[in-house]
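# Chain and residue survey
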There are 2 protein chains.
Amino acid sequence: MPKFISIKASDGLTEREAEYLKAIFNLELMSKKGVVGSLEVANFMGVSCATASEVLKKLYEKGLLNREPWRGVSFSEKGMMEVNRILRNHRIFETYAYRFLSISLEDACECANRIELQISDKIIDSMCRILGHPEKCLHNNDIPRRISCCLRK
Amino acid sequence: MPKFISIKASDGLTEREAEYLKAIFNLELMSKKGVVGSLEVANFMGVSCATASEVLKKLYEKGLLNREPWRGVSFSEKGMMEVNRILRNHRIFETYAYRFLSISLEDACECANRIELQISDKIIDSMCRILGHPEKCLHNNDIPRRISCCLRK
DNA sequence: AACCTAATTTAGGTTATGCCTAAATTTATC
DNA sequence: GATAAATTTAGGCATAACCTAAATTAGGTT
């Protein structure tokens, strides 16, 4: 009879895996080929190629990435949704903290990084509504919408 | 040259260790003896005595608990500060989410549990100020103060 | 004082994450 | 077609969180 129920991270994604997803997202933006290789990920994350390769394989096995071995990875439908959810959480929270809690840009961003995986959809949607469903964050990046929240005509 | 700096949890406390700290806090409140034993912790956390004992020892080694072997543990100065910080974060966030984000009590509490370790002092202090430095949370528990924030005369 | 029991601790083992180096493999280029 | 660069596999290591089984200790009983 455990009286204490432990809280799990989102979707069986570890903190670290989420960081890799964000790395891949950034690299995909910059890259000309439509695909991201393990070396790029390794450099970005500061780990060895072997490690990067393993992680990419694992994220593929979790259905978050498409993978052509020896060529590279790209986001699957599911992976794109996941990374969008994380980016949305980050950017809405950051914007809210800046505008309503008088937190500096850097501090807001730093804290967003730490909670973006754990914070609940309901809270982000509420912040989003209060902010008027903004399209851009403070760094002028797009804020992904959630359909059930952002029905801005 | 890592371009990505990973975010660490507070004070080298793992998520799980923080849960144990909160368990000990609750048990200390309820207990008549001034000390909490491994069996109590084990039951509360839903783990074996052996596991509880190990964790208590580790938290002692980290300076968060006083420990009299074969008798039990209590909070050290440092441990009390840590658990107060966590409770403060939880209770301020929860109250803010309920009052300003129209989140239900249960949802607010559930999310507070997930972010209480990661959220920054600055954000909690800001929420605290906006709430007018409340003394009690929604469950009518005391909200620990931070000196630099809550100078309520 | 010796005993017994219940609580506690130690010892040794398991699984999963996240990393590594070194060795193989494939792709691409000259 | 050889060779260099990128990628992957194989095998290892450390740490977190657990476990069971075996010791150890404290406290109450006779």
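Summarised in this report is the structure supplied together with it. (Residues numbered from 1 in each chain as written. Chains lettered and ligands numbered in written order. Predicted model: local features only at pLDDT ≥ 70, side-chain atom pairs only at ≥ 80, totals over all residues. Heavy atoms only, no water.)

## Some remarks on the layout of surface pockets
It is the rolling of a water-molecule-sized probe over the atoms that shows where space remains empty. Residue and element names in this part refer to chain B. In this structure, the second largest pocket spans a volume of roughly 380 Å³. Together, 14 residues line the second largest pocket, and Met81, Asn84, Arg85, Arg145 and Ile147 are the ones closest to its centre. Looking at the lining of the second largest pocket element by element, the count peaks at six residues for helix α4 (residues 77–100). For the lining of the second largest pocket, the class distribution of residues is five nonpolar, one polar and eight charged. (1 Å grid on protein atoms, 1.4 Å probe; cavity = no way out; pocket = protein on both sides within 12 Å on 5 of 7 lines; lining within 4 Å. Points joined across faces, edges and corners; volume = space filled by probe spheres on them. Helix = DSSP H or I, 4+ residues; strand = E, 2+ residues; numbered from the N terminus. Nonpolar A, V, L, I, M, F, W, Y, C, P; charged D, E, K, R; others polar.)

## Description of the packing of helix α2 (residues 38–45) of chain A against helix α3 (residues 49–61) of chain A
Residue and element names in this part refer to chain A. Two numbers describe how α2 lies on α3: the axes approach to 8 Å, and their chain directions differ by 110 degrees. One element, α2, and the other, α3, form an angle in the roughly perpendicular class. Two packed elements cross with a definite hand, and for α2 against α3 that hand is right-handed. Counted together, Ser38, Leu39, Val41 and Ala42 of α2 and Cys49, Ala52, Ser53 and Leu56 of α3 form the full contact between these two elements. Along the lines of polarity and charge, the residues of the contact of α2 with α3 split into six nonpolar, two polar and no charged. (Axes fitted to C-alpha atoms, helices over the stretch in contact; angles between N-to-C directions. Parallel < 35°, antiparallel > 145°, perpendicular 65-115°, else oblique. Left-handed = near helix turned anticlockwise from the far one by under 90°. Contact = heavy atoms within 4.5 Å.)

## Notes on the protein's contact with DNA strand C
Not every one of the 23 residues close to DNA strand C is listed here, only the nearest: Arg16, Thr51 and Lys58 of chain A together with Leu39 and Trp70 of chain B. Counting only the atoms of DNA strand C that lie within 4 Å of the protein, the sugar and phosphate share comes to 74%. A distance of 3.0 Å is found between a phosphate oxygen of DNA strand C and a side-chain nitrogen or oxygen belonging to Thr14 of chain A. Within the side chain of Ser38 of chain B, a nitrogen or oxygen atom sits 2.8 Å from a phosphate oxygen of DNA strand C. Mapped onto the surface near DNA strand C, the elements with two or more residues apiece are α1 (15–30) and α3 of chain A together with α2 (38–45) and α3 (49–61) of chain B. Here the element with the most residues in the surface near DNA strand C is α3 of chain B; it accounts for five residues. Within the surface near DNA strand C, the residues separate by chemical class into nine nonpolar, seven polar and seven charged. (Near = heavy atom within 4 Å. Polar contact = N/O pair within 3.5 Å; in protein donor to acceptor, adjacent residues only side chain to side chain.)

## Comments concerning the pairing of strand β1 (residues 65–68) of chain B
Residues and elements named next belong to chain B. Of the pairings in the sheet, the one linking β1 to strand β2 (residues 72–75) comprises four bridges and is antiparallel in character. Its bridge partner lying in β2, Glu68 is registered against Gly72. Where β1 folds back on β2, the antiparallel hairpin that results is connected by three residues, among which Trp70 adopts a positive phi of roughly 70 degrees. (Pairing = 2+ DSSP bridges.)

## Quick look at the protein's contact with DNA strand D
Lining the immediate surroundings of DNA strand D are 22 residues, of which Leu39 and Trp70 of chain A together with Arg16, Thr51 and Lys58 of chain B lie closest. If you look at DNA strand D and keep only atoms within 4 Å of the protein, 73% of those are sugar or phosphate atoms. Ser38 of chain A has a polar side-chain atom sitting 2.8 Å from a phosphate oxygen of DNA strand D. Interatomic distance of 3.0 Å between a side-chain N/O atom of Ser48 of chain B and a phosphate oxygen of DNA strand D. Contributions of two or more residues to the surface near DNA strand D are made by α2 and α3 of chain A together with α1 (15–30) and α3 of chain B. With five residues, α3 of chain A is the largest single contributor of residues to the surface near DNA strand D. For the surface near DNA strand D, the per-class residue count stands at nine nonpolar, seven polar and six charged.

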